Amino acid sequence: MITIAVVNTSTTGDQAASPQTTDHLGRQFMPKLFGRTFTRRQLLDRVGDISQLMHARRAELSEGFARGADLIEVFNASGFNFSVLPGRALDISSAHFKGQSLCFRSGPGDVGPSFYEPEGFKWGRGWFGGLVTTCGMDFVGHPEVDPEVENVEMPLHGRLSYIPAKNIGVEAGWEGEDYVLRIRGQMRQSEVFLENLEMTREIRAVLGENCLQIRDRVENLAADPSPLMVVYHCNPGFPLLDQGTRLVIHSRKSTEWQKDAEVSPTDYAVAKGPQATAHDDVYVHRPLADRQGNVHVGMINDKLNLGLYWKFKRNEIPIVNHWQHFHKGTYVTGIEPGNCSVLGRAWNRKHKTLEHIEPGEVREFNIEIGVLDGAAEMRTFEREVKKGIVGGKKRK
């Protein structure tokens, strides 16, 4: 059973105009709807309420294992729609573009936080897949004992994704000519005598745009330093993911997960179709940034003329983890940007990628995820990103 409450978040009072938005290539533009550009006044002349074009609906999930996950559904007339779970760290459990799913959805589906099983690999009993599952905040990887810190087994990919958000807010309103929707909340991971970390999350979407931005602010509220490990486990699935789907990434070094051997794009760049035998591959990419310090990653399906892109600052998120699991029935890949690899504490400590956050320190992570719509947009993405990274001054 789903109980739905429509959130009336619209405000029409004048606010100070925000700087004009830019697209994934940094170009200034006015958002478009239905093939043309509209001003604020032109849109309001054509609707009874702006919720006709963009809104968020809050719902209570009350049946089965979904109880407690709750739901915020975001509708955007651009065609880019997504679902957020307040009971699961405000993670994004599904996303669609013009009716096409952009991500893998697992058998367990949306699972409430009270059903969390931290032992061993049972994290997967509540893993929905989705557009974004956030891993962390102090551990990412397979279950591991770190004798230098807790000296107890850390659960698979940390506890963050099962922490319910508090101080949840959904608001939307005009900022200049843009209609902007924001979802906010806080997740605290704390144990007496150990870590006390709080993440404040904001998810932002704009009417007419085919993307969203996530801004996470992590603060160490404890009196002692803590490991800081945050990974955005994004999970493209069918139909975007299919045989021949290409990964676009410019990396100064890429290694595989078992022997740390260097690999080339021929090893990982093109997806296989569903396979009869289950097999996992994990690659760790150290991406190059453009002249503005941004990393660009794309996943492109040339047959569908559809793609996804990720954009983030390399000084915040210096690693892209890449998981491939092409088994029949669980056909998924993972594009997993983070401040660490997904290979655990020992691996990151050895490779000097294990970060710490000091008492009172605040760290911020910003990431944009969006759609590449059509062959022209995909070609432009590849050309402009390559020119910005290879043709310009490389930032390692």
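Scroll up a little and you will see the structure.
Nothing here was measured: the structure is a model prediction, and the numbers come from that model. (Residues numbered from 1 in each chain as written. Predicted model: local features only at pLDDT ≥ 70, side-chain atom pairs only at ≥ 80, totals over all residues. Heavy atoms only, no water.)

## Some remarks on the overall build of the protein chain
Part 1 of the reasoning: Counting its regular elements, the protein chain contains four helices and 26 strands.
Part 2 of the reasoning: Taking 396 residues into account, the globule formula puts the C-alpha radius of gyration at 21 Å, and the protein chain, at 21 Å, falls close to it.
Part 3 of the reasoning: Each principal axis of the C-alpha distribution contributes one length, and for the protein chain these read about 65 × 50 × 45 Å.
Part 4 of the reasoning: Residues counted as buried form 56% of the 396 residues belonging to the protein chain.
Part 5 of the reasoning: Pairs at least 24 apart in sequence give 66% of the contacts found in the protein chain among residues at least 6 apart.
Part 6 of the reasoning: Accessible surface for the protein chain amounts to roughly 17,200 Å². Of this, 50% is attributable to carbon and sulfur atoms. (Helix = DSSP H or I, 4+ residues; strand = E, 2+ residues; numbered from the N terminus. Rg over C-alpha atoms; globule rule 2.2 N^0.38 Å. Buried < 20%, exposed > 50% of the residue type's maximum accessible area, 1.4 Å probe, protein only. Contact = heavy atoms within 4.5 Å. Areas by Shrake-Rupley, 256 points an atom, 1.4 Å probe, with all protein chains shown as cover.)

## A closer look at a nonpolar patch on the surface
Part 1 of the reasoning: Among the surface-exposed residues, Val192, Phe193 and Leu194 lie close enough to one another that they form a single nonpolar patch of about 380 Å² accessible area.
Part 2 of the reasoning: As for its position among the elements, Phe193 is in the loop between strand E13 (178-190) and strand E14 (196-206).
Part 3 of the reasoning: Judged by its relative accessible area of 80%, Phe193 is exposed. (Patch = residues over 30% accessible without salt bridge, like charges linked within 9 Å, V, L, I, M, F, W, Y side chains within 5 Å. Salt bridge = Lys/Arg side-chain N within 4 Å of Asp/Glu carboxyl O.)

## Here's the deal with the pairing of strand E20 (residues 280-287)
Part 1 of the reasoning: Counting buried residues along E20, six of its eight residues qualify, which places the element largely inside the surrounding structure.
Part 2 of the reasoning: Relative to E20, strand E19 (residues 251-256) is paired through five bridges, and the arrangement is antiparallel. For Glu256, the partnering residue across the bridge sits in E20 and is Tyr283. (Pairing = 2+ DSSP bridges.)

## Concerning the side chain of Ser161
Part 1 of the reasoning: Locating Ser161 in the fold gives a position in the loop between strand E11 (153-154) and strand E12 (166-175).
Part 2 of the reasoning: Polar side-chain contacts of Ser161 include one of 3.1 Å to the side chain of Asp91.
Part 3 of the reasoning: When sequence neighbours within four positions are dropped, the list of residues in contact with Ser161 reads Arg88, Ala89, Asp91, Thr133 and Thr134. (Polar contact = N/O pair within 3.5 Å; in protein donor to acceptor, adjacent residues only side chain to side chain.)

## Details of the packing of aromatic side chains
Part 1 of the reasoning: For the structure shown, the criterion picks out 10 aromatic pairs.
Part 2 of the reasoning: Between the aromatic rings of Phe80 and Phe82, the centroid separation amounts to 5.7 Å while the plane-to-plane angle is 40 degrees, which identifies the pairing as tilted. Both residues of the pair, Phe80 and Phe82, count as buried.
Part 3 of the reasoning: Taken together, a centroid distance of 5.6 Å and an interplanar angle of 50 degrees make the contact between Tyr268 and Tyr283 tilted. Taken as a pair, Tyr268 in helix H2 (residues 265-268) and Tyr283 in strand E20 lie far apart in primary sequence, 15 residues in all.
Part 4 of the reasoning: Relative accessible area serves as the criterion here: at 4%, Tyr268 is assigned to the buried category.
Part 5 of the reasoning: Chaining the aromatic ring pairs together yields one cluster made of Phe104, Trp123, Trp127 and Trp323.
Part 6 of the reasoning: The lysine or arginine in question, Arg88, covers the ring of Tyr162, its NZ or CZ lying 3.9 Å from the ring centre. (Phe/Tyr/Trp six-rings, centres within 6.5 Å; stacked < 30°, edge-to-face > 60°. Lys NZ or Arg CZ within 6 Å of the ring centre and 35° of its normal.)

Don't take any of this as a statement about function, it's just geometry.
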